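# Secondary and tertiary structure notes
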Amino acid sequence: MEVKDAIAKIEARIRELKRDYELFFKGDLRRAPLAERHKLQAAIEKLQQVHITNTQIRFKLQTVASQFSSFAHYWDRIMAQIEAGTYAPDRFKADMRVGKLSEVREAAQQSAVEESREANRQPAPPAPPKEADGIKELYRQFVESRRRTGEGADVNFEAFERSIEKQRPALEAKFGGKVQFKVVVEEGKAKIKGFTD
């Protein structure tokens with residue numbers, strides 16, 4: 001139970017850190033929240049060294065650590081853009097300060113004209129839907145259904161995809177043809193059901 005509480009606290013701290021970085025990138029904070037980020041990184045690493053027997057809690061910790069890592073890469077990328085002077089919001093503010101706003105407007109108008117020309121050309125035929133896109137849409141619907149039923153939306157995509165692919169051969173053998181999947185809500189719970197046309 002202590003590990004579960006620690007993970008919940010880390011999730012809350014990640015949300016706060018994300019908000020602080022957003023404020024910093026907007027210019028509302030003078031300094032990046034690096035100290036809190038380092039403390040949070042240390043807390044996650046310390047928790048990862050704890051032996052956790054409960055699979056669900058271990059999976060939750062991996063998800064939270066992965067989420068933090070993704071945010072950290074994103075923050076580092078934006079920081080690098082700021083240091084290089086290529087971060088778009090900063091460039092726009094700088095152009096306004098030195099009177100280049102008219103140039104920015106002209107560039108935007110030119111871009112709009114080119115997009116309009118592009119739109120008037122014959123559109124390419126739509127690409128056939130890919131199996132992977134179908135799985136992604138099914139996953140999106142499943143997560144949304146779980147959110148609506150209050151079951152929690154922290155579902156790992158890779159695990160979801162493996163589960164679907166594991167069920168597919170048995171269902172195709174049962175139904176005698178290609179199986180499609182859909183999300184249904186039964187007795188207040190989101191489920192995946194296989195069917196054929």
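Refer to the structure printed above.
Residues numbered from 1 in each chain as written. Predicted model: local features only at pLDDT ≥ 70, side-chain atom pairs only at ≥ 80, totals over all residues. Heavy atoms only, no water.

## A few points about the overall build of the protein
Note the cut-off: For the purposes of this entry, the term helix denotes a DSSP run of H or I that reaches at least four residues, the term strand denotes a run of E that reaches at least two, and both are numbered from the N terminus. For every residue, the accessible area (1.4 Å probe, protein chains only) is compared with the maximum for its type, and the residue is labelled buried under 20%, exposed over 50%, or partly exposed between those bounds. Residue burial considers only the protein chains on display, and all accessible areas are found by Shrake-Rupley using a 1.4 Å probe.
Within the protein, the secondary structure is distributed over 7 helices and 2 strands. Shown N-terminal to C-terminal, the secondary structure of the protein runs as helices and strands in the order α-α-α-α-α-α-α-β-β. The burial tally for the protein puts 22% of its 197 residues in the buried class. Accessible surface for the protein amounts to roughly 14600 Å². Of this, 52% is attributable to carbon and sulfur atoms.

## Describing the nonpolar core
Here is the rule we go by: We call a set of buried residues a nonpolar core when its members are Ala, Val, Leu, Ile, Met, Phe, Trp, Tyr or Cys and they connect through side-chain atoms within 4.5 Å of each other. The criterion used for residue contact is that any of the two residues' heavy atoms lie within 4.5 Å.
Judged by nonpolar contacts, the single largest core of 22 residues is most densely connected at I10, I14, F25, L40, F68 and W75. Elements that contribute at least two residues to this core include exactly α1 (2-26), α2 (34-48) and α3 (55-84). Broken down by element, the residue count for this core peaks at 9 residues, all from α3. Not counting the four nearest positions on each side in its chain, I10 is found in contact with L40, A43, I44, L47 and V64. Counting residues in each nonpolar core, the second largest holds 13 residues, with I135, V155, F160 and I164 among its members.

## A short note on the pairing of strand β1 (residues 180-186)
Where a strand is regular, its side chains alternate between the two sheet faces. Here is the rule we go by: For two strands to be treated as a pair, DSSP must find no fewer than two bridges joining them.
Bridge count between β1 and strand β2 (residues 189-195): 7 bridges; the pairing is antiparallel. Paired with K182 across the strands is K193, a residue of β2. Between β1 and β2, which pair antiparallel and follow one another directly, the connecting turn spans 2 residues, one of which, E187, has a positive phi of 50 degrees.

## Let's talk about α1
Defined as follows: Given the number of residues in a helix, its expected span is that number minus one, multiplied by 1.5 Å.
Its 25 residues place the ends of α1 36 Å apart at the C-alpha level, agreeing with the 36 Å of an ideal helix rising 1.5 Å per residue. Looking at the packing, one finds that the buried side of α1 touches α2 and α3. Positive backbone phi, approximately 95 degrees, marks G27, located one or two places after α1.

## Considerations on the environment of D154
Just so we agree on the cut-off: Polar contacts here mean pairs of N or O atoms no more than 3.5 Å apart (in protein, one a potential hydrogen donor and the other a potential acceptor; neighbouring residues in sequence count only if both atoms are side-chain atoms).
Relative to the assigned elements, D154 resides in the loop between α6 (131-149) and α7 (157-175). For the pair formed by D154 and V64, sequence separation is 90 residues and the distance between their alpha carbons is 9.9 Å. The residues contacting D154, other than those within four sequence positions of it, are F59 and K60. There is a polar contact of 3.1 Å between the side chain of D154 and the side chain of K60.

## Things to note about the environment of E22
Position of E22 among the secondary structure elements: in helix α1. Counting along the chain gives 53 residues from E22 to W75, while the straight-line C-alpha distance between them is 9.3 Å.

## Points about α2
Compared with the 21 Å implied by 1.5 Å per residue over 15 residues, the 21 Å span of α2 between its first and last C-alpha is a close match. On the buried face of α2, the contacting elements are α1 and α3.

## Looking at the packing of aromatic side chains
Where we set the bar: Any pair of Phe, Tyr and Trp rings, taking the six-membered ring for Trp, is counted once the centres come within 6.5 Å. Such a pair is stacked with planes under 30 degrees apart, edge-to-face with planes over 60 apart, and tilted for the rest.
Throughout the structure, instances matching the rule amount to 8 aromatic pairs. With a centroid separation of 4.2 Å and an interplanar angle of 10 degrees, the aromatic rings of Y21 and W75 are classed as stacked. Here W75 lies in helix α3 and Y21 lies in helix α1, a separation of 54 residues in the sequence. Ring geometry for F71 versus W75: centroids 5.7 Å apart, planes at 15 degrees, classification stacked. Remark: W75 and F71 occur in helix α3; sequence separation between them is 4 residues, near one turn of the helix. In terms of burial, F71 and W75 fall into one category: buried. These aromatic residues form a ring-pair network of at least three members: Y21, F24, F25, F68, F71 and W75.

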